[in-house]
Amino acid sequence: MEPIIAGNWKMNKEPGESRALVQKLMELTGDVKDRIMILIPPFTSLASVGELVRNSRFKLGAQNMHWERSGAYTGEISGLFLKAVGCDYVVIGHSERRHVMGETDEMINKKLKTALEIGLIPILCAGEKEEEREAGKTEAVIERQIKEALKDIENEAHKIIFAYEPVWAIGTGKTATSQQAVEVHKFIRGMLKKPSTILYGGSVKPENVDTLMKEEEIQGALVGGASLKPESFARIIKFTKDS
Ligand code: PGA
């Protein structure tokens with residue numbers, strides 16, 4: 001399978017800046033072939049980025065969605081709307097949603113079910129906090145997050161892309177070592193009945209992507225900060241296992 005490199009822009013880039021970033025990225029990655037490249041801009045940029053990447057090698061993803069298809073949910077976005085503007089993917093359960101916005105395992109499970117029903121490919125994030133790792137609870141936390149997320153949909157897990165994102169590595173510059181990432185990837189894989197794609201996320205940068213991607217267990221990267229600059233994201237997309 002082709003490795004996946006996904007750029008989560010978080011709450012950055014208004015529509016004009018988004019278009020400029022995509023145009024520059026397209027120039028810098030014209031020669032890239034064997035990678036799946038996913039852009040995950042904020043909601044307000046999805047339509048314009050969607051138009052720019054239509055018929056290109058870039059795919060479109062959203063950062064979140066509601067579990068209902070429509071209704072009285074002020075401020076929320078339906079997965080159907082995401083599909084209508086060209087999204088194939090949706091991030092579910094990002095640590096900022098879990099720990100800053102108070103999203104629960106139950107909400108994440110409902111979102112996953114809806115995403116699968118309507119034909120969006122979920123990118124499900126899981127990861128432990130620093131104090132949980134220090135207390136030796138990494139596997140217990142990951143196990144709970146994955147188990148609860150997959151409640152009643154265990155048989156569809158192979159349709160989900162998993163992303164191991166240790167909270168202590170997100171936006172901190174502290175990347176997990178390859179060994180730390182591989183250990184957790186193997187643990188997640190052990191919980192699944194069929195093979196699934198597992199990405200690593202947390203301070204992935206041009207300087208460390210080659211080392212991480214050398215590991216067979218790491219099938220791609222979910223990139224935050226370094227996806228906001230076209231040069232650094234293009235370099236990450238063009239990672240090499242030969243260096
Ligand atoms: P980061 O974010 O690359 O800025 O650490 C990763 C993420 O939150 O997906």
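What you see is a predicted model, and the numbers here were worked out from it, not measured in a lab.

Things to note about the nonpolar core
Counting 60 residues, the largest nonpolar core has Leu39, Phe162, Ile188 and Tyr200 as its most contacted members. The greatest single-element share of this core, amounting to five residues, is contributed by helix H5 (residues 105-118).

As for the environment of glutamate 117
Within the secondary structure, glutamate 117 sits in helix H5. Take glutamate 117: its relative accessible area is 55%, and that puts it in the exposed class. Once the C-alpha coordinates of glutamate 117 and glycine 79 are considered, the two residues, 38 residues apart in sequence, prove to be 10.0 Å apart.

Let's talk about the packing of aromatic side chains
Per the stated rule, a full pass over the model turns up one aromatic pair. Directly above the aromatic system of phenylalanine 239 lies the positively charged group of arginine 35, at a separation of 3.8 Å from the ring centroid.

Comments concerning the sheet that holds strand S7 (residues 197-201)
Spatial strand order, S1-S2-S3-S4-S5-S6-S7-S8: eight strands in a closed barrel with parallel pairing. Across the sheet, the axes of successive neighbouring strands diverge by a mean angle of 25°, strand direction being ignored. Two strands pair when backbone bridges link them, and strand S4 (residues 89-92) and strand S5 (residues 121-126) are joined in this way by four bridges, in the parallel orientation. What sits directly across from valine 90, in S5, is proline 122.

Some remarks on the site of the ligand
Every one of the 13 residues lining the ligand counts as a neighbour, but Lys10, His94, Glu165, Gly171 and Ser203 are closest to it. Taking histidine 94, its side chain carries an N or O atom lying 2.6 Å from an oxygen atom of the ligand. In this structure, an oxygen atom belonging to the ligand sits 2.8 Å away from a main-chain N or O atom of glycine 224.

Observations concerning the pattern of salt bridges
Within the structure shown, the criterion is met by 16 salt bridges. Residue arginine 133 is joined to glutamate 128 by a salt bridge in which the shortest nitrogen-to-oxygen separation is 2.7 Å. Under the relative-accessibility criterion, glutamate 128 is labelled buried at 0%. Notably, a salt bridge pairs aspartate 210 with arginine 235, separated by 2.6 Å at the nearest N-O pair. In this pair, aspartate 210 sits in helix H9 (residues 209-213) while arginine 235 sits in helix H10 (residues 230-237), placing the two residues 25 residues apart along the sequence.

Overview of helix H2 (residues 43-53)
Inspection of H2 places Ser45, Leu46, Ser48, Val49, Gly50 and Val53 among the buried residues, and these make up the whole buried set. If you follow the buried residues of H2, they end up packed against helix H1 (15-28), strand S2 (36-40), strand S3 (58-62) and helix H3 (79-84).

A word on the packing of H5 against helix H7 (residues 138-149)
Between H5 and H7, the shortest axis-to-axis distance is 8 Å and the interhelical angle comes to 45°. Relative to H7, the element H5 is oriented oblique. For the pair H5 and H7, contact is made by Asp105, Ile108, Asn109 and Leu112 and by Arg144, Gln145, Glu148 and Ala149, respectively.

Considering H10
In terms of burial, H10 is largely enclosed, as six of its eight residues are buried. For H10, the complete set of buried residues consists of Pro230, Ser232, Phe233, Ala234, Ile236 and Ile237. Buried residues belonging to H10 abut strand S1 (4-8), H1, S2, S3, H9 and strand S8 (220-223).

A short note on unusual backbone geometry
The backbone phi angle of lysine 13 is positive, close to 80°, even though this residue is not glycine. Here lysine 13 is to be found in the loop between S1 and H1.

What about the environment of leucine 82?
Residue position: leucine 82 is located in helix H3. Sequence separation between leucine 82 and lysine 59 is 23 residues; the distance between their C-alpha atoms is 13 Å. Not counting residues up to four positions away in its chain, the partners in contact with leucine 82 are Phe43, Leu46, Ala62, Asn64, Met65, Ile77, Cys87, Val90 and Leu120.

A few points about the environment of glutamate 14
Assignment of secondary structure puts glutamate 14 in the loop between S1 and H1. For glutamate 14, a relative accessible area of 44% translates into the label partly exposed. For the pair glutamate 14 and proline 41, spaced 27 residues apart in sequence, the C-alpha separation works out to 9.1 Å.

Brief notes about the pairing of S4
Of the two faces of S4, the one holding Tyr89 and Val91 and the one holding Val90 and Ile92 are both buried throughout. Both S3 and S4 contribute to a ladder of two bridges, which runs parallel. The residue bridging alanine 62 from the neighbouring strand is valine 90, located in S4. What joins S3 to S4 is H3, and the crossover it makes is right-handed.

Conventions we followed
- Residues numbered from 1 in each chain as written.
- Predicted model: local features only at pLDDT ≥ 70, side-chain atom pairs only at ≥ 80, totals over all residues.
- Heavy atoms only, no water.
- Core = buried A, V, L, I, M, F, W, Y, C linked by side-chain atoms within 4.5 Å.
- Buried < 20%, exposed > 50% of the residue type's maximum accessible area, 1.4 Å probe, protein only.
- Helix = DSSP H or I, 4+ residues; strand = E, 2+ residues; numbered from the N terminus.
- Phe/Tyr/Trp six-rings, centres within 6.5 Å; stacked < 30°, edge-to-face > 60°.
- Lys NZ or Arg CZ within 6 Å of the ring centre and 35° of its normal.
- Pairing = 2+ DSSP bridges.
- Axes fitted to C-alpha atoms, helices over the stretch in contact; angles between N-to-C directions.
- Near = heavy atom within 4 Å.
- Polar contact = N/O pair within 3.5 Å; in protein donor to acceptor, adjacent residues only side chain to side chain.
- Salt bridge = Lys/Arg side-chain N within 4 Å of Asp/Glu carboxyl O.
- Contact = heavy atoms within 4.5 Å.
- Parallel < 35°, antiparallel > 145°, perpendicular 65-115°, else oblique.
- Right-handed = clockwise from strand over helix to strand, strands pointing away.

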